[in-house]
Structures are given as C-alpha cells and as structure tokens.
Amino acid sequence: MSSKVAKELADFLLQIEQRSQFHAGYPYNLNCDYSPLGKFFNHLLNNAGDPYIEPDFGLHSRKFEQEVLSFFAHLYKIAENQFWGYVTAGGTEGNLYGIFLAREIYPNGILYSSQDSHYSIPKAAKLFRIQHNLVNSQINGEIDYDHFEQLLSENRSYPAIINLNIGTTVKGAIDNLDKVLEILERNQIKDYYIHCDAALSGLILPFLDGAPQVNFQKPIDSIAISAKFIGSPLPCGVVLTKKKWVEKVETEIEYIGSKDTTILGSRNGHTPLILWYAIQTRGYDRLTIEANICIKNAQYLYQQLQIREYPCMLNSFSNTVVFQKPSQKLIKKWQLAVFENWAHIIVMQNIGREKINIFINELLLEQGLFNNTANFQLQSVLQH
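Residues numbered from 1 in each chain as written. Predicted model: local features only at pLDDT ≥ 70, side-chain atom pairs only at ≥ 80, totals over all residues. Heavy atoms only, no water.

(A) Structural view of the confidence of the model for the chain. Per-residue confidence for the chain gives a mean pLDDT of 92, with 94% of residues at or over 70. Of the regions scoring below 50 in pLDDT, residues 369-384 engages in 33 contacts with residues more than four places distant in sequence or in other chains. (pLDDT = per-residue confidence, 0-100. Contact = heavy atoms within 4.5 Å.)

Here it is, written out as structure tokens:
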C-alpha cells in the first residue's frame, strides 16, 4: 500500500471515529464489534435467490440466514412451517416487498398509510402503481383512526392494503393494530392485507413488558424490521411474511438453480452472517437488557428537558425524544435529524446518560433564559 493511500484511509478513519462520538439523531447502534468476522470480507458471499433453496452457486451464507429468520419468526410468533422471509438490504426493501405481495394478492387494492409513514411507502405505491390514500396523522405521529375509517368506508368495495407504523420515523409513534382491526370489522371489510413497518421498533417492542402486541398471532400479513437496533456496519434488515403469499410470486430461475422470490437478484451474504453473530453472542436476554436501557435513557432525556421547561415530547415505548430545534451549530455537531421547528434524538446503545448530560448542558448553555411561552403542544398530549 502506498503512503498516499495509507494516509487517505487513516484520515477517513479518524473522521469516522470523531463523528461517531456525536451521533445522536439517527437510529443506529454504534456499539458493535464484528472484528471476528473480518476474515470473511476477503471472500465473496452472495445469497442470490430464495434463502431456503440450495443453489448451484456455492459461495453463500444460507445456513446463517435461515437461523436468523428462525429467530425472528419465533420473536413474531409464527410457526416454522407457515412463515417465509429473507434478510434484506434494509427497512425500505422490506416495505417494498410487503406492499409488492399485497398488490399481487389484491391487484385492485387501495393502499392506506398515514402522513407519518416512511417515505418508502409512497415510493412503493408509485413503483407498483397502486392507488394510495393518504391518512391524516394525530399530533403524536399516530394514524388518525377516524380519517382512516372515513376513507375506508368510502372505498369499501375495494380491498384494503394497509401500512401500519410500529414506531414512526420522526416521532416513534405506534399505530394501534387492534383499533385498525376493529375498524375493518365494523365496516365489514373482508379482503385486506396488513403490512407492518416495524423498522427500528421491531427489535425493541418484543423485549418490553406491557408493549403493544404486534405479531402473526393477529391477522397481519408481513412485517419489515431494520437491523439498526441490533447494529450492523452494513445496512440490512429482515422481512417476514406468510409462506402461502410468497408462492403467488415465485418463479423458477434456471441460471441460478433457485427460485426468484425476493426484490433483489444478488443479495448480500455477509449481512446474514453479521446478524447471526449478533444473535448468537447477545441472545434474547442481552437484547432485552439493551432495549430496556435505551427506553429508560430516553425517558431520562425527556424528563431532564421537561424539568428545564424545554419543549419536548416522547411517545410510550419509544426511544425517540422530540424537542424544539436548537441552533444549527448543535444540529451539525450532534448530527440531529430535523423537521420544521423540531429535532429529535434517538437514544440507542451508544447514547448513555453521560452523553445525554453533555448534550443537555450544551443545549441549555446556548439557549440562555427559556421562553416559557414556547410550549410544544405535544408535551401536554403524551408520555407515561
């Protein structure tokens, strides 16, 4: 390696290490060490095709992918002989897959999603040319059930394709599956497909006592989960669905000796290995501890802001703390996600109370005296 190349890499590594110290606005667990897997990155791993069919191509990690999927199937309470899934390139691909299946099952279906749904949902509607009815959101980011029912009743002769947010991107709000099911029953809608965008919360809610129950014991049809909470140096996630739905879209591909059942052709073979390693080394118990610590630290951040009368909001069972947008200097330093007059911190494993205290001190220092009339209306709506 030339000295120029070595210096470029060293400078970039230093930059990434520095930026990682003040990374708070986006949902990534930075407390990861996958160095034992480093040797595998000198090898090609391509999981092209169906994860459950042994292809002619031998450089793949299907064994590890299948074990990862079994873990998620158990977590989301669906029997081994009834589910199908695969390791995706991230939450967006999982959402695209769920909506794609729904369109294949109900070609004339109408897609319903809230204003706070991830941008991949309207993208899916465009890609698959599905009529999309946008549902209003409540102030906390949760779907407006009255507006949803109004739109549904106006189109009761068409199948309903419903995207539910299990933790919205900006506010961490959870759409109430049971309320949606009641609305479907009340309006006598029999043909429907429910896709759950569990994104970040998909690896948090199952580990929290008293959290909403979203799993395949209820009539959901697919769920997309990001690996952001479990942590991975490569973006990835998992999509789960019912095996009977996948049979409607599969096609035999002689070239790879497998079935085409996924969105992508070639699929990353290293990410299943990463997820498998994380599950094997941390397990259910450690993930439970991590999820609860993140929730408690988010509550701590929220409480500290409340005490100081700084406009803020926190949804139940969420690690996303929303607050009045600070200066551009703080936004840039802490890499905060902003929207209109608000910003948020997503409290992940690398955001402990010491770091929270540093942020609060910097925030208060730049604010000086508080303007007590600047009350965030969400503050009185939510929490606990």
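(B) Geometry of the pairing of strand S2 (residues 110-114). Most of S2 sits out of view: 5 of its 5 residues are buried. Pairing geometry for S2 and strand S3 (residues 131-135), over 5 bridges, is parallel. Bridge assignment links Leu111 to a residue of S3, and that residue is His132. Once you follow S2 into helix H4 (residues 120-127) and on to S3, the crossover reads as right-handed. (Buried < 20%, exposed > 50% of the residue type's maximum accessible area, 1.4 Å probe, protein only. Helix = DSSP H or I, 4+ residues; strand = E, 2+ residues; numbered from the N terminus. Pairing = 2+ DSSP bridges. Right-handed = clockwise from strand over helix to strand, strands pointing away.)

(C) Inspection of the pairing of strand S4 (residues 160-165) at higher detail. In terms of burial, S4 is a largely internal element, 6 of the 6 residues being buried. The alternating pattern of S4 places Ala160, Ile162 and Leu164 and Ile161, Asn163 and Asn165 on opposite faces, both of which are buried. Of the strand pairs in this sheet, S2 and S4 are connected by 3 bridges, and their pairing is parallel. In the sheet register, Tyr112 faces S4, and the bridge partner there is Ile162. Pairing geometry for S4 and strand S5 (residues 192-199), over 6 bridges, is parallel. Bridge pairing in S5 links Asn165 to Asp197.

(D) Here's a closer look at the packing of helix H5 (residues 145-154) against helix H6 (residues 177-186). H6 packs onto H5 with a crossing angle of 30 degrees between their chain directions and a minimal axis gap of 10 Å. What the angle tells us is that H5 and H6 run roughly parallel. H5 and H6 meet at a crossing whose hand is right-handed. Listed contacts from H6 to Tyr145, Phe148, Glu149 and Leu152 of H5 are Lys179, Val180, Ile183, Leu184 and Arg186. Taken together, the residues of the contact of H5 with H6 break down into 6 nonpolar, no polar and 3 charged. (Axes fitted to C-alpha atoms, helices over the stretch in contact; angles between N-to-C directions. Parallel < 35°, antiparallel > 145°, perpendicular 65-115°, else oblique. Left-handed = near helix turned anticlockwise from the far one by under 90°. Nonpolar A, V, L, I, M, F, W, Y, C, P; charged D, E, K, R; others polar.)

(E) Quick peek at the pattern of salt bridges. The tally for this structure, following the rule as stated, stands at 10 salt bridges. Close ionic contact of Lys7 with Asp11 constitutes a salt bridge, the shortest N to O distance being 2.7 Å. Of the two residues, Lys7 and Asp11 both sit in helix H1 (residues 3-21), 4 residues apart, roughly one turn of that helix. Of the charged contacts, one joins Asp178 and Lys218 as a salt bridge, the two residues approaching to 2.9 Å between their closest N and O atoms. With Asp178 in helix H6 and Lys218 in the loop between S5 and strand S6 (222-226), this pair connects stretches of sequence that are 40 residues apart. Relative accessible area serves as the criterion here: at 36%, Asp178 is assigned to the partly exposed category. (Salt bridge = Lys/Arg side-chain N within 4 Å of Asp/Glu carboxyl O.)

(F) Focus on the nonpolar core. If you look at the biggest cluster of nonpolar residues, it comprises 65 residues, and the most contacted ones within it are Phe72, Tyr112, Phe148, Ile162, Ile194 and Leu240. Residue contacts for Leu240: discarding those within four places in its chain leaves Leu69, Phe72, Ala73, Tyr76, Phe83, Trp84, Gly85, Phe216, Asp221, Ser222 and Ile223. (Core = buried A, V, L, I, M, F, W, Y, C linked by side-chain atoms within 4.5 Å.)

(G) Geometry of the state of the cysteines. Tallied over the entire structure, the rule returns 0 disulfides. Of all cysteine sulfurs in the structure, the one in Cys32 sits closest to Cys294, which takes part in no disulfide; the separation is 11 Å. (Disulfide = S-S within 2.5 Å.)

(H) Highlighting the packing of aromatic side chains. Under the counting rule described, the total for this entry stands at 14 aromatic pairs. Residues Phe22 and Trp334 carry aromatic rings whose centres are separated by 5.1 Å and whose planes lie at 90 degrees to one another, so their mutual orientation is edge-to-face. One end of the pair, Phe22, is in the loop between H1 and helix H2 (62-75); the other, Trp334, is in helix H9 (residues 328-334), with 312 residues separating them in the sequence. A residue is classified by how much of its surface remains accessible, and Phe22, at 28% relative accessible area, is partly exposed. One residue, Lys244, lies across the ring of Trp245, its end atom 4.7 Å from the ring centre. Across from the ring centre of Phe22, 4.6 Å away, lies the NZ or CZ of Lys333, which sits over that ring. (Phe/Tyr/Trp six-rings, centres within 6.5 Å; stacked < 30°, edge-to-face > 60°. Lys NZ or Arg CZ within 6 Å of the ring centre and 35° of its normal.)

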